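If you want the building blocks of each chain, they are given just below.
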There are 2 protein chains.
Amino acid sequence: MARVVVDVMLKPEILDPQGQAVQRALPRLGFEGIADVRQGKRFELEVEGPVDDAVLARVNELAETFLANTVIEDFTVRVEETATA
Amino acid sequence: MARVVVDVMLKPEILDPQGQAVQRALPRLGFEGIADVRQGKRFELEVEGPVDDAVLARVNELAETFLANTVIEDFTVRVEETATA
């Protein structure tokens, strides 16, 4: 069992009100020096069997068609160390 | 300017209905072989100045008090390559 992580973030040119809300709250909470915050989604997929190029291509397709809205979001797919769970 | 990434995921023992919904939808969409899906949040913080241990300690405190609900969520803090944006 291997873990594949898909990170989905709004494209840089798309306004991110969630991230902005966090960023504006930080000085009030005593945290200075954070110029920008962007918030996105992280999916951890537990894949059965070994992760080869074919599996990664499938996960890429899955992320593109289902996990991310590619009109406004970018995504990255990467393999993490084998999960223990 | 450096980018610090905070990943916030539900603890393994906490039910993740969002992730389950994704996982159950996958076979219907033609994607087999995914045993489990968990969905969490990813925050990208653009930190002014160099990222040293003191800054990382601050971000850790920030994540613990503000970005994550540590009763039900785990978080990780890591530095990514210097952002170009």
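Here the structure is shown first, and the text comes after it.
A quick note: this is a predicted structure, and the numbers were derived from the prediction, not measured.

> Even after reading the chapter, I still don't get the overall build of chain A, so can you show me in this structure?
Looking only at helices and strands, chain A has two helices and three strands in total. Tracing chain A from N to C terminus, the helices and strands come up as β-α-β-α-β. For chain A, the spread of C-alpha atoms along the three principal axes comes to 50 × 30 × 15 Å. Residues classed as buried in chain A amount to 41% of the 85 residues present. With the model as given, the accessible surface of chain A reaches about 4,600 Å², and the carbon-plus-sulfur share is 53%. When the 9 positive and 16 negative side-chain charges of chain A are each reduced to one mean point, those points stand 7 Å apart.

> I keep staring at the environment of B:V6 and nothing clicks. Help me out?
Residues and elements named next belong to chain B. On the secondary structure map, V6 appears in strand 1 (residues 2–10). Residue classification places V6 among the buried positions, given a relative accessible area of 0%. Sequence separation between V6 and F75 is 69 residues, and the spatial gap between their C-alpha atoms is 6.6 Å. Not counting chain neighbours up to four residues away, the residues in contact with V6 comprise K41, R42, F43, L45, V59, A63, L67, F75, T76 and V77.

> What's the story with the side chain of A:R38 in this structure? I'm lost.
Residue and element names in this part refer to chain A. Relative to the elements of secondary structure, R38 occurs in strand 2 (residues 34–47). Among buried Asp, Glu, Lys and Arg side chains, R38 stands out as unpaired, with D16 the closest opposite charge at 4.4 Å. One polar contact links the side chain of R38 to the main-chain carbonyl oxygen of I14, over a distance of 2.7 Å.

> When you look at the environment of B:D52 in this model, what are you seeing that I'm missing?
Examined against the element boundaries, B:D52 turns out to sit in the loop between strand 2 (34–47) and helix 2 (53–67). Separated by 11 residues in sequence, B:D52 and B:A63 have C-alpha atoms that sit 16 Å apart.

Reading the values: the criteria
- Residues numbered from 1 in each chain as written.
- Chains lettered and ligands numbered in written order.
- Predicted model: local features only at pLDDT ≥ 70, side-chain atom pairs only at ≥ 80, totals over all residues.
- Heavy atoms only, no water.
- Helix = DSSP H or I, 4+ residues; strand = E, 2+ residues; numbered from the N terminus.
- Buried < 20%, exposed > 50% of the residue type's maximum accessible area, 1.4 Å probe, protein only.
- Areas by Shrake-Rupley, 256 points an atom, 1.4 Å probe, with all protein chains shown as cover.
- Lys, Arg positive; Asp, Glu negative; His and termini not counted.
- Charge placed at Lys NZ, Arg CZ, Asp CG, Glu CD.
- Contact = heavy atoms within 4.5 Å.
- Salt bridge = Lys/Arg side-chain N within 4 Å of Asp/Glu carboxyl O.
- Polar contact = N/O pair within 3.5 Å; in protein donor to acceptor, adjacent residues only side chain to side chain.

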